[in-house]
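# Secondary and tertiary structure notes
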Amino acid sequence: MTQSLTLTRPDDWHLHLRDGDMLRAVLPETARDFGRAIIMPNLVPPVVTAAQAGAYRDRILAALPEGMAFEPLMTLYLTEETDPEDVAAAHASGLVKAVKLYPAGATTNSASGVTDFEKVRPVLEKMAEIGLPLCTHGEVTDHDIDIFDREAVFIDRVLDPIRRATPGLRVVMEHITTANAADYVRSQEADLGATITTHHLIINRNHILVGGIKPHYYCLPVAKREEHRLALRAAATSGDARFFLGTDSAPHTDANKLQPCGCAGCFTASNTMPLLAHVFEEEDALEQLERFASKNGPAFYRLPENDRQITLVKQDAPVRFPEKIDTPDGPVTVFDPGFDVYWSTES
Ligand code: DOR
Ligand code: ZN
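Residues numbered from 1 in each chain as written. Chains lettered and ligands numbered in written order. Predicted model: local features only at pLDDT ≥ 70, side-chain atom pairs only at ≥ 80, totals over all residues. Heavy atoms only, no water.

### A word on the pattern of salt bridges
Enumeration according to the criterion identifies 19 salt bridges in this entry. Among the ionic pairs, Asp11 bridges to Arg36, the shortest N-O distance being 2.8 Å. Pair noted here: Asp11 is in the loop between β1 (3-8) and β2 (12-15) and Arg36 is in strand β3 (residues 36-39), with a separation of 25 residues, a long-range link. For the pair shown, Asp11 and Arg36 are each scored as buried. Glu125 serves as the salt-bridge partner of Arg121, at 3.8 Å between the closest nitrogen and oxygen. Residue Arg121 and its partner Glu125 are located together in helix α4 (residues 121-130), separated by four residues, close to a single helical turn. For Glu125, a relative accessible area of 39% puts it in the partly exposed group. Three or more residues joined by partner-sharing salt bridges are found here, namely Glu85, Lys126 and Glu129. (Salt bridge = Lys/Arg side-chain N within 4 Å of Asp/Glu carboxyl O. Helix = DSSP H or I, 4+ residues; strand = E, 2+ residues; numbered from the N terminus. Buried < 20%, exposed > 50% of the residue type's maximum accessible area, 1.4 Å probe, protein only.)

### Considerations on the site of ligand 1
Taken together, 13 residues sit near ligand 1, with Arg18, Asn42, Leu220, His252 and Ala264 positioned nearest. Leu220 places a main-chain nitrogen or oxygen 2.7 Å from a nitrogen atom of ligand 1. In this structure, a nitrogen atom belonging to ligand 1 sits 2.9 Å away from a main-chain N or O atom of Ala264. Taken by itself ligand 1 offers 290 Å² of open surface, and the protein chains cover 99% of this. Looking at the shell around ligand 1, its residues break down into four nonpolar, seven polar and two charged. (Near = heavy atom within 4 Å. Polar contact = N/O pair within 3.5 Å; in protein donor to acceptor, adjacent residues only side chain to side chain. Areas by Shrake-Rupley, 256 points an atom, 1.4 Å probe, with all protein chains shown as cover. Nonpolar A, V, L, I, M, F, W, Y, C, P; charged D, E, K, R; others polar.)

### Let's talk about the coordination of the zinc ion (ligand 2)
Protein ligation of the zinc ion (ligand 2) involves His14 (NE2), His16 (NE2) and Asp248 (OD), the donor distances falling in the range 2.0 to 2.1 Å. The motif formed by the donor residues of the zinc ion (ligand 2), counted along the single chain, is H-x1-H-x231-D. On the criterion of sequence distance, the pair formed by His16 in the loop between β2 and α1 (20-31) and Asp248 in the loop between β9 (243-245) and α9 (254-257) is long-range, its members being 232 residues apart. Pair check on accessibility: His16 and Asp248 agree, each one buried. (Donors = N, O, S within 2.8 Å, 3.2 Å for Na, K, Ca; no water.)

### Section: the packing of helix α3 (residues 84-92) against α4
Packed helices, taken two at a time, are described by the angle their axes make and the gap between the axes. Two elements in contact, α3 and α4, have axes whose closest approach is 9 Å; the angle formed by their N-to-C orientations is 25°. If you check the angle between α3 and α4, you find them roughly parallel. When you trace α3 past α4, the crossing you get is right-handed. Across the interface between the two elements, Pro84, Glu85, Val87, Ala88 and His91 from α3 touch Pro122, Val123, Lys126, Met127 and Ile130 from α4. Looking at side-chain class alone, the contact of α3 with α4 contains seven nonpolar, one polar and two charged residues. (Axes fitted to C-alpha atoms, helices over the stretch in contact; angles between N-to-C directions. Parallel < 35°, antiparallel > 145°, perpendicular 65-115°, else oblique. Left-handed = near helix turned anticlockwise from the far one by under 90°. Contact = heavy atoms within 4.5 Å.)

### Some details on the sheet that holds β9
Here eight strands make up an open sheet; going across it, the order is β2-β3-β4-β5-β6-β7-β8-β9 and the pairing parallel. Across the chains shown, the open sheet's two edge strands, defined by having one partner strand only, are β2 and β9. With direction set aside, neighbouring strand axes in the sheet form an average angle of 30°. Alignment of strand β4 (residues 71-77) against strand β5 (residues 96-101), held across four bridges, turns out to be parallel. Its bridge partner lying in β5, Thr75 is registered against Ala98. (Pairing = 2+ DSSP bridges.)

### So, the packing of helix α5 (residues 150-165) against helix α6 (residues 179-187)
Remark: α5 packs on α6, axes separated minimally by 9 Å, with the N-to-C direction vectors making an angle of 25°. Classified by the angle between their axes, α5 and α6 sit roughly parallel to one another. The interaxial crossing formed by α5 with α6 has right-handed handedness. Residues Glu151, Ala152, Ile155, Leu159, Asp160 and Arg163 of α5 form the contact with α6, whose own contacting residues are Asn180, Ala181 and Tyr184.

### What to know about the nonpolar core
Leu17, Met173 and Met273 are the most contacted members of the largest nonpolar core, which totals 91 residues. Among residues more than four places away in sequence, those in contact with Leu17 are Met22, Leu23, Val26, Leu27, Ile39, Tyr56, Ile60 and Phe70. Judged by nonpolar contacts, the second largest core, of twelve residues, contains Ile38, Met40, Leu73 and Tyr102. (Core = buried A, V, L, I, M, F, W, Y, C linked by side-chain atoms within 4.5 Å.)

### Comments concerning the environment of Ala92
With respect to the secondary-structure elements, Ala92 resides in helix α3. What makes Ala92 exposed here is its relative accessible area of 67%. Sequence spacing of Ala92 and Leu132 is 40 residues, and the spatial spacing of their C-alpha atoms is 9.8 Å.

### Notes on the pairing of β5
Most of β5 sits out of view: five of its six residues are buried. In this region the chain leaves β4, passes through α3 and returns to the parallel neighbour β5; the handedness of that crossover is right-handed. (Right-handed = clockwise from strand over helix to strand, strands pointing away.)

### Quick word on the environment of Phe244
With respect to the secondary-structure elements, Phe244 resides in strand β9. Phe244 sits 125 residues away from Lys119 along the chain, and the two C-alpha atoms are 30 Å apart. Once residues within four sequence positions are removed from consideration, Phe244 is found in contact with Trp13, Val172, Gly193, Ala194, Thr195, Ile196, Phe292, Asn296, Gly297, Phe300 and Tyr301.

### Notes on unusual backbone geometry
A cis amide bond links Val44 to the next residue, Pro45, at an omega of -5°. Mapped onto the elements of the fold, Pro45 is located in the loop between β3 and α2 (50-63). Omega for the peptide link from Leu220 to Pro221 comes to -5°, which places this bond in the cis form. Inspection of the secondary structure assignment puts Pro221 in the loop between α7 (205-209) and α8 (226-236). For Asp191, which is not a glycine, the phi torsion comes out positive at approximately 65°.

Here you go:
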């Protein structure tokens, strides 16, 4: 029997759209199912000023196909030169919804990120004053810290000290991958939320490395042990308002993924909602999917929920998703969960 589930239309609270041809190719994949998305600013060069964010927003809207509705929520890339007054003006105008902290060298296009956190203190203080959230890529970059420990060490050495030094700063821990991060979020009283990706609910580090290396499962922060994947599933399906969806869908062409030094990123924009329905059903928590994907995020960002809806339908036979999307730069592989999925969306 066909089962269907109608939800408030979801938002994606962490998305990479890139620019130019790639933007035009990937934007419809998100706009089909989502009302809004927090747009990551790690372009080359990065989106640092309000003027750059405004121009990028215009390019995104120009790339939206006729008849599709979608609202990009813009962010600024935090550098040691960021001007607190520019940030405040961008917030006051309604253009910018968050500022993104990349520790320098942590991930794709993060070279302009922060090395000396003292230098960004005036910006963080201004953000605390005006209530503008800070989105964090929560990994330290120290060479002596094992890549699987970098998120947990970031919480102790960077995030907790910043939050203690800046009371009232609202922080989103992006794409959390560990039980440590979920526990930290729960242990705090206010001003802290976390996004969880679709793929980190599905893969652990064995999926990347056992039986041959799987470059399409490589992303940052890298997937951790199974116990962490289970902790993320528990957080996402709990209904706790502090956890919400941020796909971190990050398109790279196959040529850039499948090489001796392959890029980090999983492209989940095309099939996220069906995959989440599968995961939440497996956890016997389908009734919590709307909170995770459509309600908790707007509440954290103090925005209204979407007016429109989305319907998920459970089919009798496995749904076939496109394996790749074509772009003028070359194909981008869509995340393959490695199991049959019976859910599809009707937007
Ligand atoms: O896997 C990732 N890809 N993690 C990030 O933090 C950045 C992203 C990208 O931009 O490709
Ligand atoms: Zn990202």
